[in-house]
Amino acid sequence: MNKTVEVHTSVSELVQRALELILSKVQTAIKERGQFTIALSGGSTPKPLYEAMALQELPWDKIHVFWGDERYVPPDHPDSNELMARRAWLDQVAIPAANIHAIPTLSADPEVDAGKYNQHLQTFFNSVSGEFPALDVVLLGMGDDAHTASLFPHTEALNVCDRLITVGNKGDSLRITFTYPLINAARSVIFMVAGANKRPALAQIFAPVADDFAYPSRLIKPQGELYWLLDTAAGLELKS
């Protein structure tokens, strides 16, 4: 794992850095493998990144978009991560519909839909059960409880290591999420974290010893690159 921690003076600078990184990864992936794969995160921090992506001139037919997690709501629900990304980015560009790999949420059974997305990923990446395919970029946020994707502290999803996709939960709110071994298979993982409320969690994540199940972002140790992009409010105590 090649870990880089960057503290940026503002959220806009953080977003610009994330954009630069992703555009670089797009170029490399298409040159080397003929396509670029990215898993998106929800939340407010990446929205301006998606809006910036919508302004780029890119070979959209070679770009495939997935989601690292999704709330178990219909795709037109205001809380849907898919809806946010479509409005900010995907509906604004000429990306083929077949290249948008949304998490299914309509079967009324999250276990069934998690299984469908698991199978969809295996089929797309031509991987067999027990293999974890490498996405080019997995974009992550982090909550003030140190959760990432829908991997929440002390939840059953943290124990799932034999599947790509599982059901996550925040209290009674059900989610579908990448498992942490799938995130860790990525070529690049990019955390975007902003706000002073994240400092206590970050202190535990960067501590030499802490409980991974209490601070799930500690479980993210990809085989490729790991970028922590922080604003000053979040990263003040980590700034060297």
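Looking at an unreviewed UniProt entry, the protein carries the name 6-phosphogluconolactonase, with the source organism given as Dolichospermum planctonicum CS-1226. As recorded by UniProt, the Catalytic activity (unreviewed entry) comment attached to the protein reads in full: "6-phospho-D-glucono-1,5-lactone + H2O = 6-phospho-D-gluconate + H(+)". The protein has a UniProt comment under Sequence similarities (unreviewed entry) that states "Belongs to the glucosamine/galactosamine-6-phosphate isomerase family. 6-phosphogluconolactonase subfamily."

Undergrad: Just give me the short version of the pattern of salt bridges, but keep the residues and values in it.
TA: Tallied over the full model, the rule gives eleven salt bridges. Here Lys-62 and Asp-61 are joined by a salt bridge, their closest N and O atoms 3.7 Å apart. Of the charged contacts in the structure, one is a salt bridge between Asp-113 and Lys-116, with a shortest N-O distance of 3.7 Å. One end of the pair, Asp-113, and the other, Lys-116, are both in helix α4 (residues 110-125), three residues apart, so they sit about a helical turn from each other. For Asp-113, a relative accessible area of 1% gives the class buried. Overall, Lys-116 belongs to the partly exposed group, its relative accessible area being 45%.

Undergrad: With reference to specific residues and values, describe the UniProt feature "domain: Glucosamine/galactosamine-6-phosphate isomerase" (unreviewed entry) in the protein.
TA: Sequence positions flagged by UniProt for "domain: Glucosamine/galactosamine-6-phosphate isomerase" (unreviewed entry) are, in local numbering, residues 12-228. Span residues 12-228 is 30% helix and 18% strand, its end C-alpha atoms 15 Å apart.

Undergrad: Could you give an account of unusual backbone geometry, with specific residues and numbers?
TA: With glycine set apart, most residues show a phi of negative sign, and most peptide bonds adopt trans. The backbone of Ala-146 sits at a positive phi, close to 75 degrees, despite the residue not being glycine. Relative to the helices and strands, Ala-146 is located in the loop between β5 (137-140) and β6 (165-170). Note on Ala-146: relative accessible area 0%, which makes it buried. Even without being glycine, Ala-149 reaches a positive phi, approximately 50 degrees.

Undergrad: Explain the side chain of Ser-150 to me, using residue names and the numbers behind them.
TA: Mapped onto the elements of the fold, Ser-150 is located in the loop between β5 and β6. You can call Ser-150 buried: its relative accessible area is 0%. What Ser-150 contacts, discounting residues up to four positions off in sequence, is Asp-69, Ala-157, Gly-168, Asn-169, Arg-175 and Thr-177.

Rules used in this analysis
- Residues numbered from 1 in each chain as written.
- Predicted model: local features only at pLDDT ≥ 70, side-chain atom pairs only at ≥ 80, totals over all residues.
- Heavy atoms only, no water.
- UniProt positions renumbered as here; feature names shortened; annotations may be inferred.
- Salt bridge = Lys/Arg side-chain N within 4 Å of Asp/Glu carboxyl O.
- Helix = DSSP H or I, 4+ residues; strand = E, 2+ residues; numbered from the N terminus.
- Buried < 20%, exposed > 50% of the residue type's maximum accessible area, 1.4 Å probe, protein only.
- Contact = heavy atoms within 4.5 Å.

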